[in-house]
Structures are given as C-alpha cells and as structure tokens.
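Architecture and fold: a report
Here is what each chain is made of, one letter per residue.
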Amino acid sequence: MCGIAGFLAKSNDVDVAAGLTAMLDALRGRGPDSTGVSLYGAPHPGNALASVWCGEARSSDPVDEVLAAMRAHGEVLSADERSGYLRVALQLPDLEPNTLGLVADAVEAAAPGVRVFSIGRSLELVKHTSAAPVLAETFGLLGKPYTHAVGHARMATESIVDVNHSHPFWARPFADVTVVHNGHVTNYHKNRRLYEMRGHRFQTGNDTEFVAVYLADKLAHGVSLDDAVRASIDELDGSFTYLVSTAEGFGVARDRFSTKPCLIAETDSWVAVVSEGIALAEAFGDDVDFKVTELAGGEARAWSHGHGGEPERMAA
Amino acid sequence: MSAVEVATIDSRGRDTRTINQDIRRAIADGAPAIEVLHPGSRHNLAVGILEPARITFRGDVGYFCGGLSDGLEIRVTGDAGWSLGADMMSGSIVVDGRSGSSTGASMRGGTVVVKGDAGARSAIAGKGGTVVIGGSTGAMSGFMDQRTTLVVCGNAGEAFGDSMYEGVLYCGGTIADAGSDTLVEGPDADELAMLASLTEPHGLGPAREWTKVRSAGRLWHYDKREFSVWKEAL
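Counting from 1, residues in each chain are numbered in the order their sequence is written. In the order they appear in the text, chains get letters beginning with A and ligands get numbers beginning with 1. It should be noted that, the model being predicted, local features are given only for residues of pLDDT at least 70 and side-chain atom pairs only at 80 or more, the latter also being counted only at that level, while totals for whole chains, interfaces and linings use all residues.

**A closer look at the pairing of strand 9 (residues 168-171) of chain B**
Residues and elements named next belong to chain B. Residues V168 and Y170 line one face of strand 9 and the alternating positions L169 and C171 line the opposite face, and both faces are buried. Strands are labelled as partners when DSSP assigns at least two bridges between them. Strands here mean DSSP runs of E at least two residues long; helices mean DSSP runs of H or I at least four residues long; both are numbered from the N terminus. Taken together, the four bridges between strand 8 (residues 149-152) and strand 9 define a ladder with parallel strand orientation. Its bridge partner being in strand 9, V151 is matched across the sheet by Y170. Where strand 9 and strand 11 (residues 211-215) come together, four bridges link them in antiparallel fashion. Bridge pairing in strand 11 places Y170 opposite K212. The exposure label follows from counting other C-beta atoms within 10 Å of a residue's C-beta, where the C-beta atoms are placed from the backbone and the thresholds are 20 or more for buried and 12 or fewer for exposed, leaving partly exposed in between.

Quick look at the structure:
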C-alpha cells in the first residue's frame, strides 16, 4: 500500500500545505504508519535550509553540536527547534553536492544519532510517525507561501516503522531533490552497488532512497526532469508510482504494468497528483469541477511551478 | 422510508459502513430505486448485496464498487476506482465516466460497462459475464481470462489476453501486443451482431474495426516432457 500526493500551486493564493495535508489525511487507510512532506518555496534567510532530525540524538544537547558543526562550513542565520526537528537557515559557500555532503557528514559526526534529512535552496522536509493533520499543526506548515509539495502516507512493508525510514527521501547530497514512492523497486540492490562504486553513499536500506539518488544524479548531469522520469520507466524494475520534486517543480512516473495507482487532477489554480480519488473528494469536495486523468502505465510527466506564474507542463 | 418512493441517501460526512447499511435497509423496505448522492469516491460501496435493486451513484465511486454482488443494477454518473464489479455474480454496472485498474476482475456473471477508458488488467481472471469498455484499456487486460467476454472499443495495452483460457476478447482499436498463446482473428457475423448489441445501446462502437482475440490453447494440454511445446507457446 502507501499513498503519495503532490500539490503544485498555479497562483499565490493557494495554500499548498493545506491541500497536501488534506489529501494525505484521506490516504491514511493506505498508510497509517507515518507521514512525511517536502515543501518548497517559502522564503528564508540565506541560501540554504536544512532539516535536521534530533529526535533520536544520543547526546544531551545535540542542537549545540549540530550548529557548531554547521558553523564550520557556513554562517548559521537562524535555527528553529520544534518536536525533535531543527530547521536551520544557512549561508553556505555554494550548494554543490560536495559541499552539502560535507555539511551533512559533519553534523552527523558531531552529534551521534542526529540525521540530516535535507538541505536545499527552498526545501523544508519533515516526517514523523503521526497523521498528516498532526504533522501540519506540529510544524506550523499551513498558510505558508509554498509553491509546491510532495508527501507520503506510509505503510511499512520492508523496513521498520520509524522516522528515519519514512518518506520523503532526500537525494543526499543533491540540493532540493526528494522522492516519495508507492511500490517496490526490485533492481535497486544491483543499481545501488553500481552507484556506490561511483562514490554515492546511502543512509538507509530503502529502495526509495536509491530512486532519489538515481534521479538527482541524472539531473546533476544535465538531464531534464522530464527526461529523467521518462528514463526511469525503462531503468527501474518492479512496481512503482513515485513523485520526485525539485525546487522548480515535480515529476511522476508509473511502471508499465500500472501496479500502483495514480490520478492527476487539475484546475485553473492547482495541479494535484495522488494515489486515490477519495483524496481529491475529501480534500477539495466532490462537487468541485476539476479534470481528473489517470497516469497510464509506462507514462511519466513533469510540471514546473513557473517561478510563481503559470505552471509549465514539461512532458505529456 | 416508503416502498413506493425513490430512496435518497446523502453520503456527505458519513462512512462507507453506514451508507451501505442504508442501501441494504432501502432494499429491505422495497424501494424501487436508490439514489446515492455525493459518494465522494468512497471505497466498497454496494459490496456483497445479494438481492436485486437499482442503485444510482451520483458522482465518483472508489474501489470495489458493486463487488461480490448478485443481481444489482448499478449506474455511476462519474468515475469509478479499481476493481469495479470484481467477483460479481449477476446484474449490471454502467459507469458514465472512466474506471481504474482491474475492472470486472474475477467476475462470474453480469455485465460491466465503462463508457470511458479503463485502467490496466480489465477482466483479469474472469470466470463469466461481460465487460464493455467504451474507450481504451491498459496492460494485461484479459490476463488468464477463463470465461469473461471483454469488449474494448478503443485500444488495448500490452499482453492483451496473455495466458487466457476460454474467454474471448474483442478490440475495436489497436492492440499494443497480443499476449502469449493467443490467436488474433476477425469476428464472424454473429459476433459482430453480438458486439453491436452490447455497445450500441450505450452509444458506443469500435474506434476502427473489431478484432477478436482468443486462446490458442497450446498451454492447456501438454506433456511436461514436451518442453519445446511450452517454450514455443511462451
């Protein structure tokens, strides 16, 4: 099971977090174990935002350890601690993978048990073993001017129920790239070894983490989001519908046998990609006039939020 | 609830269990027709009902609508989710919009009509009855079909009819790939008349020209020592 959702605003008056939260709450039957979201676009000081999970830290004061490690690599402009998470606005020399990898490694080395869940230009990632409305309220997500977001309601099938194994997964150390996934990629062990031989390091045994790194690696080599999600149809085996998000927008892909569901709804104000129609009905009302299509097996699509203007559909 | 009136059930703010209880109560009261408003894509509506009744869902329904039923006459004015009419034994379901994957899966009898497109695996492992898709259907439709007749007015995806038994598939558009152990041929005059009777009352028809797909039967009976037969069929 598991349920995924993506929500992209076409105009500034759309509450992205509210729409995503409502859809994920409606998908609770598909994924009661945990909820996670990647939200993009809310303003913050500096050129980077880090989401750091301190809930399983083994020291008594992990916040000081985390911030000290970050200060060795850049300027800490603000830090907000809430329910085990540390949200840190940073000014880093650059957002190249090498830099972000060094920062993340330094933080986790300085504060045992702490995990850097994301670093990006505009990405804010939180995940927890709680329901979507609780997550949104706990972290004050509603009402912020996000441009787009992806989220996941998890039913754990192959790894334990905890925060670390919940989705979304950051494509560490690539800025802003995250993935939520419904299904099981069967050739990820083999592919993961190939990527490890090229120097990539993985944080969990979850196949979705591999999908994130695989896609981010393509993007880093100049492949467009459109082409990256299309290529995955042939290069990933197994059952999957996944959403990948960057700072500019998100893409979706579905395996050829359509083993996992995926609907796309669109109005003049927003685009929603979601596992089930019940999420659209509960989030937006069953009498709202929106066009719903099913992503076909073997189909991939991508959208850009268009810098706050009209979203651009990058693939059909 | 009067026996001579149409029973109207508003689904807003309610869970599936209580809606289905109201449907069963209306049938027991002898309502000639039941209208369910705002179904809101809820799953498992009208599941396991074994008495004849006429039910209209005004809007979208979720997974498994009409599943395991026997004798219902269902209409859905919107779209339907996965496993529409799965395992149903008799009756009819007509969907004005589209349906998700596994439409009519393992059904034993009755008729399912989807006027728009359907997802993958339509009529998979069917044991009887008829599924009519007005648009196109996805991959592996008719897979291991035992005795369901599947009519697709538009296009069919990959592995159409793969490893099927005694079911018969018809496609009015393009077949991406007929499955293993299939024969592709033209329907005869009786079959064309049957296809017209199934599609025209719903305003449907072939996108181009009807093609018939049935099992070649090579996988049915073979001696395990004849590995070459099995290898050739696959």
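**Side note on the packing of helix 6 (residues 207-220) of chain A against helix 7 (residues 225-235) of chain A**
All names here are of chain A. Contact geometry for helix 6 and helix 7: axes closest at 9 Å, N-to-C directions at 140°. Relative to helix 7, helix 6 is oriented oblique. Read as a crossing pair, helix 6 and helix 7 show a hand that is right-handed. Residues L215, K218 and L219 of helix 6 form the contact with helix 7, whose own contacting residues are L225, A228, A231 and S232. A breakdown of the residues in the contact of helix 6 with helix 7 according to their chemical character gives five nonpolar, one polar and one charged. Under this scheme, a helix contributes an axis fitted over its contacting stretch, all axes are lines through C-alpha atoms, and angles between N-to-C directions fall in the 0 to 180 degree range. Roughly parallel refers to an angle under 35 degrees, roughly antiparallel to one over 145, roughly perpendicular to one between 65 and 115, and oblique to any angle outside these ranges. Each crossing is labelled by how the near helix is turned from the far one, with a counterclockwise turn of less than a right angle marking it left-handed and a clockwise turn marking it right-handed. In this description, any two residues whose backbone-derived C-beta atoms lie within 7 Å of each other are considered to be in contact. Residue polarity is assigned by list, with Asp, Glu, Lys and Arg as charged and Ala, Val, Leu, Ile, Met, Phe, Trp, Tyr, Cys and Pro as nonpolar; anything else, Gly included, falls into the polar class.

**Comments concerning the domain arrangement of chain A**
All names here are of chain A. In this document the domain limits rely on a domain assignment from an automatic tool or a database. Each domain of chain A was delimited in the assignment, giving domain 1 (3-38 + 130-313) and domain 2 (43-121). The distance between the C-alpha centroids of domain 1 and domain 2 comes to 24 Å. With 13 residues of domain 1 at the interface, the matching set in domain 2 holds 15 residues. Split into classes, the residues belonging to the side of domain 1 that touches domain 2 amount to eight nonpolar, three polar and two charged.

**Quick look at helix 1 (residues 16-28) of chain B**
Residues and elements named next belong to chain B. Given a rise of 1.5 Å per residue, 13 residues ought to cover 18 Å, and the 18 Å separating the end C-alpha atoms of helix 1 matches this to within 8%. Among the residues of helix 1, those classed as buried are I19, I23, A26 and I27. With its buried residues spanning 100° around the axis, helix 1 presents them on a single face. The exposed set on the far side of helix 1, more than 90 degrees from its buried face, consists of R17, T18 and A28. Just past helix 1, the residue G30 takes up positive phi, approximately 85°. Take the number of residues in a helix, subtract one, and multiply by 1.5 Å to get its expected span. It is the directions from the helix axis to the C-beta atoms whose arc is reported.

**Some details on the interface of chain B and chain A**
Between chain B and chain A, the contact holds 20 residues from the first and 15 residues from the second. The residue inventory of the side of chain B that touches chain A, partitioned by class, reads four nonpolar, twelve polar and four charged.

**Observations concerning the packing of helix 1 (residues 16-26) of chain A against helix 8 (residues 277-284) of chain A**
All names here are of chain A. One way to put it is that helix 1 packs onto helix 8 with a least axis distance of 8 Å and a crossing angle of 130°. The angle between helix 1 and helix 8 places the two elements in the oblique class. Like other packed secondary-structure pairs, helix 1 and helix 8 cross with a definite hand, here right-handed. Residues G19, A22, M23 and A26 of helix 1 touch helix 8, and the partners they reach there are I278, A279, E282 and A283. For the contact of helix 1 with helix 8, the class distribution of residues is six nonpolar, one polar and one charged.

**Thoughts on the sheet that holds strand 5 (residues 85-91) of chain A**
All names here are of chain A. Spatial strand order, 4-5-3-6: four strands in an open sheet with antiparallel pairing. Every interior strand has two partners, whereas the edge strands, strand 4 (75-82) and strand 6 (115-120), have only one. Sheet twist, expressed as the mean angle between neighbouring strand axes with direction ignored, is 20°. Along the sheet, helix 2 (residues 62-71) makes contact with strand 3 (48-53), strand 4 and strand 5, crossing strand 4 at roughly 160°. Here helix 3 (residues 97-110) sits on the sheet in contact with strand 3 and strand 6, set at roughly 155° to strand 6.

**What to know about the confidence of the model for chain B**
Do not read the fine detail of predicted coordinates wherever pLDDT is low. Here chain B averages 94 in pLDDT, while 96% of its residues score no lower than 70. In the predicted assembly, ipTM is 0.84 and pTM is 0.90. Per residue, pLDDT measures the predictor's confidence, with a range of 0 to 100.

**What to know about the sheet that holds strand 9 of chain B**
All names here are of chain B. Across the sheet, eleven strands lie side by side as 1-2-3-4-5-6-7-8-9-11-10; this open sheet has mixed pairing. Because the sheet does not close on itself, it has two edges, and the strands there are strand 1 (7-10) and strand 10 (182-185). Strand after strand, the sheet turns through a mean of 15° between neighbouring axes, direction not considered. The pairing of strand 3 (residues 53-58) with strand 4 (residues 70-76) spans five bridges and is classified as parallel. Within strand 4, the position partnered with T56 by the bridge is R75. Most of the contacts of helix 1 go to strand 1, to which it runs at about 175°, and overall it touches strand 1, strand 2 (34-37) and strand 3.

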